[in-house]
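Commentary on secondary and tertiary structure
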Amino acid sequence: MTRPRSRGRLRGFTTVLLFLLPALVLFLLLVVAPIAVAMYTSFFKWNGLRGLPTDFLGLDNYTRAFSDPVFLGDLWHGGVLIVLSLLVQLPMSLGLALLLNQRLRGRAFYRLLFFAPYVLSEAITAVLFTMILSPDEGLANQILESIGLGGLEWFAEPSTVLLSIFVVMTWKYFGFHMILYLAGRQGIPEELIEAAKIDGAAGWKVFRHVTLPLLGPTIRISVFLSVIGAIQLFDLVWIITDGGPSHASETMAVTMFQFGFKRFQVGYASAISVVIFLISLVFALLYQRYVMRRDLEGATTVLRDKR
Amino acid sequence: MKVCRRSAALVAASALILGGCGSTGGNNSGGSGSSAGSKVTVEFWNIWTTEPMKTYGVNAIKEFEAQHPNITIKNVATENEAFKSKITTLTQSGKAPDVYQTWGGGVLKQQVDAGLVKDLSGDAGSWLGTFTDAAMAAYQVDGKPYAVPEDIGMVGFWYNKALFKKAGIADAPSTWSQLIDDVKKLKAAGITPMALAGKDKWPGHYYWAYLAMRIGGLDALKQAGETKDFTGQPFVEAGQKLKELADLQPFQKGYLGAAYDKPDGQAATMGNGKAAMELMGQWAPSVEKSSGKGIGDDLGFFPFPAVDGGKGSVTDAFGGGGGFAIGADAPAEALEFLKFLTESNEHRKAVQTGGVLPVLKGEEDAVTDPNLSVVAKNLASATGFQLYLDQAYPPAVGQEVNDSVAELIAGTKTPEQVAQAITETAKSE
């Protein structure tokens, strides 16, 4: 009796393996191998030319990164953008989503309109805002001046550049988060809201005790995407400011690109890439372990229990 | 049937993977062995994506192919910035195209050290002697030529004669203190004295480099490149002079975020008559026209002024050009093509289009454009030549120069810190 069963299991295993193999080979080749190579080269002084790196430095590239004011500035900018996203961008998206969940005229049009910026590529967004926020002839300053306010220097002033970048980021991504929240809100059964109302809960209380908790999973995934996006921010900054003026808008990815492809210090750039990877990885693991644990139940946990 | 399907899926998957691996290259063409008579393809990487060189390049290749029926030239034209990323990626994988655009200096040296570039001294014969010394200077690595020039130019002040007149300035300044005075006069007349692209950084480094040249002379720059010490007096003083200029706030509004050739950028500001001068290379007039309206006959040129008590001569030129190198594994026909491009009759055609400036001896009369003619004459009588610092030195040092000088102009670094930062980067290379 045992023989056919184990044969069956073996066949099952072979089938699984064969189905997995193409994806696995691609994954190893295109994801795992580059990560391994980047980790390896991050221990060397290497300009990316002349075959394999030979000039071993140990952890020097890492200590250099963490004593470089530019890189420390990158970390600070990343932190500022994350905090601003969480405190401004996401609440705004949530508010809009709830608003557009109400019955109001032209609802579908507004939904489409607010989602439209997300469809544009980052490069196009960046070029667009370079023109709109241009200090001399840009649309924004002309409007500001016509209503009697002085124009701002936007991307041309170290003290305002990071906020200006954040404005562009928000413009581009609030629609995406809004759609997420809208979908989450529509997944909440009306009966619950009605029940709460019958129990005497009004406006704010319904939101606080029914809508918000039930939107929990959506909010958690939206926060997750927002944070990872801020950590890896590159395209917008690169096209709009190159990280300037005076490194005031530089992000880790921009610094990495500068050193890897402009200065040919590929070893150091690899070290920065590994740091970005580790920050993202640690954040993702901790977040999934502690914050999204309940949301993931039924996915990972149950599978493990059955085995 | 089952087995069949499985293996079909496997074959498809592996084809995908192999396809992914196979298309990595630029240099699938020649290899070194090429026998006469058989078909040879030479891959030619250039940056001729804009007129007039775009059309010129296509015609030149056609003509060459007509003369050499067994050679096919694969024309790979890429926009300037994209070209730099593309060539970087290719050389990092240990390959080089057969014939490719280079700006010489530190980047070329790295490629030479990696064994990717062909040494031209053996095959060249009398060919190399036809180029001017200034034009060849950038392509010598350890005393050997690794590329030949196609274009050469220099940086100087392009100024708006009408605006200078309006501010009551009769003559173009010939010393630094006169320049500072003129900046003050222009400001007093309500005119923006200078246009600068702060975002792009490289236009800012021209000021610092020229000042260092005028104060310490060409030898100071050469010596600093060798000893990797930029803390000497000429470099600190160059920073102080530039800071003195920047403190007058001579640049257009929002210059820290301005790009060079974008709308509202340095060239557009100058081309629309909103600033009185810009420090820029020989391409300035054409970019002013394409990004802005262009200022026509009001445009004039004066060389970077002398600094009182400085060792450098006012006739020393700072600039660069572009040339072509040959990949180490390129077929012999690549050299033939390059000789064709830089041969006197052919290169004259390129100069006559206005796209490049003379690199061959006695070619100056082929320049037709009056603005370019001024530059060509200045170059022909130059007593010394210094390549752009971001190309002369290794890439990391060049970028540090650009970065630090940008911070000096923005007021976040002192002249001493600039000298220190560049020295540190140079020492770590």
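Where an unreviewed UniProt entry is consulted, chain B appears under the name ABC transporter substrate-binding protein, with the organism given as Microbispora corallina.

1. Comments concerning the overall build of chain A
Regarding its fold elements, chain A presents 14 helices and two strands. Taken along its principal axes, the extent of the C-alpha atoms in chain A is 70 × 65 × 30 Å. Here chain A holds 307 residues, and 41% of them are scored as buried. Split by element, the accessible area of chain A, about 17600 Å² in all, is 69% carbon and sulfur.

2. Comments concerning the pairing of strand β11 (residues 316–326) of chain B
Residues and elements named next belong to chain B. Counting buried positions along β11 yields 11 of 11 residues, so the element is predominantly enclosed. Side chains of β11 alternate between two faces, with D316, F318, G320, G322, F324 and I326 and A317, G319, G321, G323 and A325 buried alike. The pairing of strand β3 (residues 99–102) with β11 spans four bridges and is antiparallel. Pairing of Q101 across the sheet is with F324, part of β11. Pairing of strand β6 (residues 147–154) with β11 involves seven bridges; the strand directions are antiparallel. Each bridged residue has a counterpart across the sheet, and for P149 the counterpart in β11 is G323. Direction of pairing for β11 relative to strand β12 (residues 384–387): parallel, over a ladder of four bridges. Within β12, the residue paired with G319 across the bridge is L387.

3. As for the pattern of salt bridges
Applying the stated rule across the entire model yields 14 salt bridges over all chains. A salt bridge links D247 of chain B to K243 of chain B; the nearest nitrogen and oxygen atoms lie 3.6 Å apart. The network of salt bridges with common partners includes R263 of chain A together with K201, E400 and D403 of chain B.

4. As for the nonpolar core
Ranked by size, the top nonpolar core spans 106 residues in total, and within it W208 and M277 of chain B carry the most contacts. Domain assignment of the residues forming this core places at least three in each of domain 1 (35–153 + 319–387) and domain 2 (156–318 + 390–428) of chain B. Among all residues touching W208 of chain B, those that are not within four sequence positions of it are F230, F235, A238, G239, L242, L389, V401, V405, L408, V418 and I422 of chain B. One finds F71, L94, A97 and L233 of chain A within the second-largest nonpolar core, a separate group that totals 63 residues.

5. Here we look at the sheet that holds strand β8 (residues 192–194) of chain B
In a beta sheet, neighbouring strands are held together by backbone hydrogen bonds and run either parallel or antiparallel to one another. Residues and elements named next belong to chain B. The four strands lie next to each other as β8-β9-β7-β10, forming an open sheet whose pairing is mixed. Two strands lie at the open edges of the sheet, namely β8 and β10 (299–302), each paired on one side alone. The average undirected angle you get between the axes of adjacent strands in this sheet is 20°. Here β8 runs beside strand β9 (residues 275–280); their pairing, made up of two bridges, is parallel. Paired with M194 across the bridge in β9 is M277.

6. Some words on the environment of T54 of chain A
Residue and element names in this part refer to chain A. One can find T54 in the loop between β1 (44–45) and β2 (55–56). T54 gets classed as exposed once you look at its relative accessible area, which sits at 72%. Sequence separation between T54 and G12 is 42 residues, and the spatial gap between their C-alpha atoms is 46 Å.

7. Some words on the packing of aromatic side chains
This model, assessed by the stated rule, comprises 49 aromatic pairs over all chains. Pairing Y110 of chain A with F114 of chain A gives two aromatic rings, centres 6.3 Å apart and planes at 20°, and the pair type is stacked. Here F114 of chain A and Y110 of chain A lie together in helix α4 (residues 107–119), a separation of four residues that amounts to about one turn. In this structure Y110 of chain A comes out as partly exposed when scored by relative accessible area, which is 33%. A cation over a ring is seen here: K172 of chain A above Y173 of chain A, with NZ or CZ 5.1 Å from the ring centre. Between the NZ or CZ atom of K86 of chain B and the centre of the ring of W45 of chain B, over which it lies, the distance is 4.8 Å.

8. Digging into empty space enclosed by the protein
Tallying each qualifying case throughout the model produces two cavities of 30 Å³ or more. Each pocket or cavity is described by its volume, and for the largest cavity that value is around 180 Å³. Taken together, 17 residues form the lining of the largest cavity, with S246 of chain A together with G198, K201, L256 and A406 of chain B sitting closest to its centre. Counting residues per element, the lining of the largest cavity draws most heavily on helix α17 (residues 395–410) of chain B, at five residues. Tallied by class, the residues present in the lining of the largest cavity amount to seven nonpolar, six polar and four charged. Taken as a whole, the second largest cavity encloses approximately 50 Å³ of empty space. Lining of the second largest cavity is provided by D136 and E137 of chain A together with D264, A268, T269, N272 and K274 of chain B.

9. Some words on the domain arrangement of chain B
Residue and element names in this part refer to chain B. According to the domain assignment, chain B contains domain 1 (35–153 + 319–387) and domain 2 (156–318 + 390–428). On a C-alpha basis, the centres of domain 1 and domain 2 stand 28 Å from each other. Counting residues at the interface gives 25 residues for domain 1, matched by 19 residues for domain 2. Taken together, both faces of the contact between domain 1 and domain 2 bury some 1700 Å²; the carbon and sulfur share is 59%. Linking domain 1 to domain 2 there are seven residue pairs in polar contact (both at pLDDT 80 or more). Contributing elements (two or more residues each) for the side of domain 1 that touches domain 2: α4 (105–113), β6, β11, α15 (370–380) and β12.

10. Notes on the interface of chain A and chain B
Chain A puts 39 residues into the contact, and the matching count from chain B is 36 residues. With both chains or domains summed, chain A and chain B bury close to 3200 Å², and 53% of this area falls on carbon and sulfur atoms. For the chain A face of the interface with chain B, the top three residues by lost area are L49, R263 and F264 of chain A, together amounting to 20%. Counting the contacts that link chain A with chain B gives three salt bridges. Across the salt bridge formed by E400 of chain B and R263 of chain A, the nearest N and O atoms sit 2.8 Å from each other. At the boundary of chain A and chain B, one finds seven residue pairs in polar contact (both at pLDDT 80 or more). When residues of the side of chain A that touches chain B are traced back to their parent elements, those giving at least two are α1 (2–41), α6 (139–146), α10 (235–240) and α11 (252–262) of chain A. Looking at which element gives the most residues to the side of chain A that touches chain B, the answer is α1 of chain A, with eight residues.

11. Regarding the confidence of the model for chain B
All names here are of chain B. Per-residue pLDDT for chain B has a mean of 86; in total, 91% of the residues score no lower than 70. Mean pLDDT per element in chain B: helix α1 (residues 2–22) is the minimum at 47, and β8 is the maximum at 95. A low-confidence stretch, residues 13–35 (pLDDT under 50), is modelled with 29 contacts involving residues beyond four sequence positions or located in other chains. Across the interface, the model reports ipTM at 0.81; the global pTM reads 0.81.

Calculation notes
Residues numbered from 1 in each chain as written. Chains lettered and ligands numbered in written order. Predicted model: local features only at pLDDT ≥ 70, side-chain atom pairs only at ≥ 80, totals over all residues. Heavy atoms only, no water. Helix = DSSP H or I, 4+ residues; strand = E, 2+ residues; numbered from the N terminus. Buried < 20%, exposed > 50% of the residue type's maximum accessible area, 1.4 Å probe, protein only. Areas by Shrake-Rupley, 256 points an atom, 1.4 Å probe, with all protein chains shown as cover. Pairing = 2+ DSSP bridges. Salt bridge = Lys/Arg side-chain N within 4 Å of Asp/Glu carboxyl O. Core = buried A, V, L, I, M, F, W, Y, C linked by side-chain atoms within 4.5 Å. Domains from an automatic or database assignment. Contact = heavy atoms within 4.5 Å. Axes fitted to C-alpha atoms, helices over the stretch in contact; angles between N-to-C directions. Phe/Tyr/Trp six-rings, centres within 6.5 Å; stacked < 30°, edge-to-face > 60°. Lys NZ or Arg CZ within 6 Å of the ring centre and 35° of its normal. 1 Å grid on protein atoms, 1.4 Å probe; cavity = no way out; pocket = protein on both sides within 12 Å on 5 of 7 lines; lining within 4 Å. Points joined across faces, edges and corners; volume = space filled by probe spheres on them. Nonpolar A, V, L, I, M, F, W, Y, C, P; charged D, E, K, R; others polar. Buried area = accessible area lost by both parts, 1.4 Å probe. Polar contact = N/O pair within 3.5 Å; in protein donor to acceptor, adjacent residues only side chain to side chain. pLDDT = per-residue confidence, 0-100.

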